[in-house]
Amino acid sequence: MLRAGVVAVQGDVSEHAAAIRRAAEAHGEPVEVVEIRQSGHVPDCDVLLVPGGESTAISRLLKREGIDEEIRDHVAAGKPVLATCAGLIVASRDAKDDRVETLDLLDVTVDRNAFGRQVDSFEAPLDVEGMDDPFPAVFIRAPLIDEVGEGVDVLAEWEGTPVAVRQGPVVGTSFHPELTDDSRLHDLAFFDRIEAEAAD
């Protein structure tokens, strides 16, 4: 059984839990979803989701609870992570904000809330690498990826700006794939990788 951890210190946790359950069901994969609020649970997880929310609060709580180092160890072991919106900010190398202590999982720099305030939220059809049809991306106070390191693959852009990236086992998005019924981003982050490894 797949064990999926949703970092639940703050943010849209239930939506991520529901999204990974839908994605797993589509693959006929039994899944146990664990909401992670303290250390000790990440090492038992096969995949991790780092939701949106408030990046300063998320980073502070991850450090306080000792979850930050467990996430770094998870990635160092080659296990997949999907980090969305504020999760992307926390996973980045540099959030350009001293209040956010980043995990340095993705060699990118981000501008927080660069796409505007809550009222500036929008949905857009997004061409994503590896997908035949556009993905319905939901942007809510979304961060902008303004610098991408050499080891980072850009999976999607919106108006010339990267909004989905991958580095090793980590996928980061500026938008919220968990707010749609489309599970292809979860396939890309988790199940394509899991099935490829199973076939080896």
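For clarity, every value in this text was computed on a predicted model and none was experimentally measured.

**Describing helix α2 (residues 55-65)**
Every buried residue of α2 is listed here: S55, T56, A57, I58, S59, L61 and L62. Looking at the buried side of α2, the elements it contacts are β1 (2-7), α3 (67-76) and α4 (86-91). Once α2 ends, the next one or two residues include G66, with phi positive near 75°.

**Observations concerning the environment of G78**
Secondary-structure assignment places G78 in the loop between α3 and β4 (81-84). Counting along the chain gives 53 residues from G78 to E25, while the straight-line C-alpha distance between them is 23 Å. What G78 contacts, discounting residues up to four positions off in sequence, is P169 and R193.

**Overview of unusual backbone geometry**
Unusually for a residue other than glycine, K96 sits at a positive phi of about 55°. Structurally, K96 is set in the loop between β5 (92-94) and β6 (106-111). Residue classification places K96 among the partly exposed positions, given a relative accessible area of 46%. At D104, a residue that is not glycine, the phi angle is positive and equals roughly 60°. As for its placement among the helices and strands, D104 is situated in the loop between β5 and β6.

**A look at the sheet that holds β6**
Strand order in this open sheet of three strands is β5-β6-β9, and the pairing throughout is mixed. Both edges of this open sheet fall to β5 and β9 (144-148), since each of them pairs with a single strand only. Going from strand to strand, the sheet's axes swing by 55° on average, the running direction of each strand aside. One ladder, built from two bridges, connects β5 with β6; its direction is parallel. Bridge pairing in β6 places S92 opposite L106.

Reading the values: the criteria
- Residues numbered from 1 in each chain as written.
- Predicted model: local features only at pLDDT ≥ 70, side-chain atom pairs only at ≥ 80, totals over all residues.
- Heavy atoms only, no water.
- Buried < 20%, exposed > 50% of the residue type's maximum accessible area, 1.4 Å probe, protein only.
- Helix = DSSP H or I, 4+ residues; strand = E, 2+ residues; numbered from the N terminus.
- Contact = heavy atoms within 4.5 Å.
- Pairing = 2+ DSSP bridges.
- Axes fitted to C-alpha atoms, helices over the stretch in contact; angles between N-to-C directions.

Coordinates in, geometry out; function isn't part of it.
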